[in-house]
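Coordinate inspection notes
Residue-level listing of the chains:
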Amino acid sequence: MATFSSSTHCPSSSPYFNRSNNNRFQQPLTTSVRPKQQPPRTTRNLSLQHSSSKSNGLVKAVHLQDGTSSKKAASSVKSDGPANILKDGILSVPPVTLPEEITDVVNVDFNKENSTVSITVVGASGDLAKKKIFPALFALYYEGFLPKHFTIFGYARSKMTDAELRTMVSKTLTCRIDQRENCGEKMDQFLERCFYHPGQYDSQENFLELDKKLKEHEGGRVANRLFYLSIPPNIFIDAVKCASTSASTANGWTRVIVEKPFGRDSESSAALTRSLKQYLEEDQIFRIDHYLGKELVENLSVLRFSNLIFEPLWSRQYIRSVQFIFAEDFGTEGRGGYFDNYGIIRDIMQNHLLQILALFAMETPVSLDAEDIRNEKVKVLRSMRPLQLDDVVTGQYKSHTRGGVKYPAYTDDKTVPNDSLTPTFAAAALFIDNARWDGVPFLMKAGKALHDRRAEIRVQFRHVPGNLYNKNIGTDLDLATNELVIRVQPDEAIYLKINNKVPGLGMRLDRSNLNLLYSTRYSKEIPDAYERLLLDAIEGERRLFIRSDELDAAWSLFTPVLKELEEKKIVPEYYPYGSRGPVGAHYLAARYKVRWGDVGSE
């Protein structure tokens, strides 16, 4: 039985959570709170029934699902006819007061004076906390998205004072380009809300001390607590257990953000989920994949479902292939010890790229509710064909000298074994066996130490049948194929490649871009993904977080091929640091009669 107090999370469309109103935390919220460590009671269905009596009165009965009833005499109504009983076709009865013992909801006023949010960053001295989490929290505060009453606690094994934490955090804080007014003042106000408590991740005593400090700052208000686990996965469970039993709130909600990796394969992932659920309910676990918080990924469903020109084309009839490309122009840079235990497939493809694929390929959800969207994503993942070794190419970067500069090989990293076969590059062809996508190759490519840095989705459309302008295009029909590119990073953009006539008296065609470059169109700086995801976790919005059955379906696709790669000790194809990656990736695409869209000039 989980020991965290459960809660009801309101959808983001409520007045309380309306992001267009920065004062939304001032609005009251009615929620259901179950007592801690108490099994939930069954919610009973109520119905009002009408019956007549000899006393010309109206008796109303509240019939309960278990067969009991509670009766009250209603005010007298004349029985001359139906019109006297019904008013405008509706039975008029006074409100029913339910017996206290069957009431299963508690009205809690979550207004600005009566509630508070305490955010504890577990692993506060680590790089992720310093570079991403604290800056994201400050950005939310700067723009007015945090409630009036909030407190931020850093928790880690390092010995540190409140002042030392504030000094460390202040070095990474920046203000928005378009909102630099009172930046220093805002930083000071934010840092005053930041505190530190040292402790071991497996010490209930240390977490009890943290709980005491949290209560001091909560000041008797309705206490909502968010724990961000910015720690290695091997100590997740210890930290969750201690937080659950020693630092859980008694009268608000408690939520836990868990960072990837979520295991190494299906078995370890399932074991991690089982362990988490010993102390947490599923709706308290927020498995974060920061790529789902990126602006262009969130815009993916908007682009598709709110633009009539795209939805009819979103199928095998018009789309020839879909490519998900992730490239970094640097190596492991000292992270080799961590990376060597996982590799590029686990680190990037099984989570970031596969989650984007599911969003891209899903059917229209019933609504924008988190569960409706996640249900459709799970359907896509369960419809996918298990990945075969023949459809996978792996690579590892080697040393290369360019421009007089020597770049190291992966195994030159002192934290990596000299005989490591861990891939730093992988390409794969996946297929979705359903009516919409049957036969369409979904190509993934991810790698480190490549020629540039990018993350993008490329939708390649089919050739125009009987194209009148083939003779003007030449023999390479691929150069005349329409392509929709969604560039997630850097220089966020959406552009469509079309064929266009070059001005002049002759008939010469040119491939041009209809381009929406975000930096040109929008003056506002794009929020960091962690800002969006932290705000969603505070609000209880789960749309961009991964559900346990999603995780199971994702691992079931990759686990067999990962085990085969490791058991057979497949040697990766070596590629020079700063190149486009292994040649084998191009042969993989050619097998399905497509080419990688990032190879040619833009």
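See above for the structure.
First, a word on what this report is: a plain description of the structure on this page. (Residues numbered from 1 in each chain as written. Predicted model: local features only at pLDDT ≥ 70, side-chain atom pairs only at ≥ 80, totals over all residues. Heavy atoms only, no water.)

So, on to the pattern of salt bridges. Counted under the stated rule, the structure contains 31 salt bridges. Where Glu218 meets Arg225, a salt bridge forms, and the shortest distance between an N and an O atom there is 2.8 Å. Residues Glu218 and Arg225 agree in their burial class; the two are buried. Residue Lys497 pairs with Glu483 through a salt bridge whose shortest N-O separation is 3.5 Å. In this pair, Lys497 sits in strand β20 (residues 493-501) while Glu483 sits in strand β19 (residues 483-489), placing the two residues 14 residues apart along the sequence. Both residues of the pair, Lys497 and Glu483, belong to the buried class. Here the salt bridges do not stand alone but share partners, grouping Asp452, Arg454, Glu456, Arg458, Glu483 and Lys497 into one network. (Salt bridge = Lys/Arg side-chain N within 4 Å of Asp/Glu carboxyl O. Buried < 20%, exposed > 50% of the residue type's maximum accessible area, 1.4 Å probe, protein only. Helix = DSSP H or I, 4+ residues; strand = E, 2+ residues; numbered from the N terminus.)

Our next topic: the pairing of strand β9 (residues 222-229). Judged by how many residues are buried, β9 sits mostly within the fold: eight of eight residues are covered. Of the strand pairs in this sheet, strand β6 (residues 115-122) and β9 are connected by eight bridges, and their pairing is parallel. Among the inter-strand pairings, Val117 is bridged to a residue of β9, identified as Asn224. Where β9 meets strand β10 (residues 254-259), five bridges bridge the pair, whose relative direction is parallel. Each residue of the ladder has a partner; that of Tyr228, found in β10, is Ile257. (Pairing = 2+ DSSP bridges.)

A few words on the pairing of strand β16 (residues 425-430). Burial analysis of β16 places six of its six residues in the buried class, the great majority of the element. Neither face of β16 is open: one carries Phe425, Ala427 and Ala429, the other Ala426, Ala428 and Leu430, and all of them are buried. As paired strands, strand β13 (residues 392-398) and β16 are joined by four bridges and run antiparallel to one another. In the sheet register, Gly395 faces β16, and the bridge partner there is Phe425. With six bridges connecting them, β16 and strand β17 (residues 442-447) associate as antiparallel partners. Within the sheet, the bridge partner assigned to Ala428 lies in β17 and is Met444.

Examined against the element boundaries, Thr559 turns out to sit in helix α15 (residues 548-567). A polar side-chain atom of Thr559 sits 2.8 Å from the main-chain carbonyl oxygen of Trp555. (Polar contact = N/O pair within 3.5 Å; in protein donor to acceptor, adjacent residues only side chain to side chain.)

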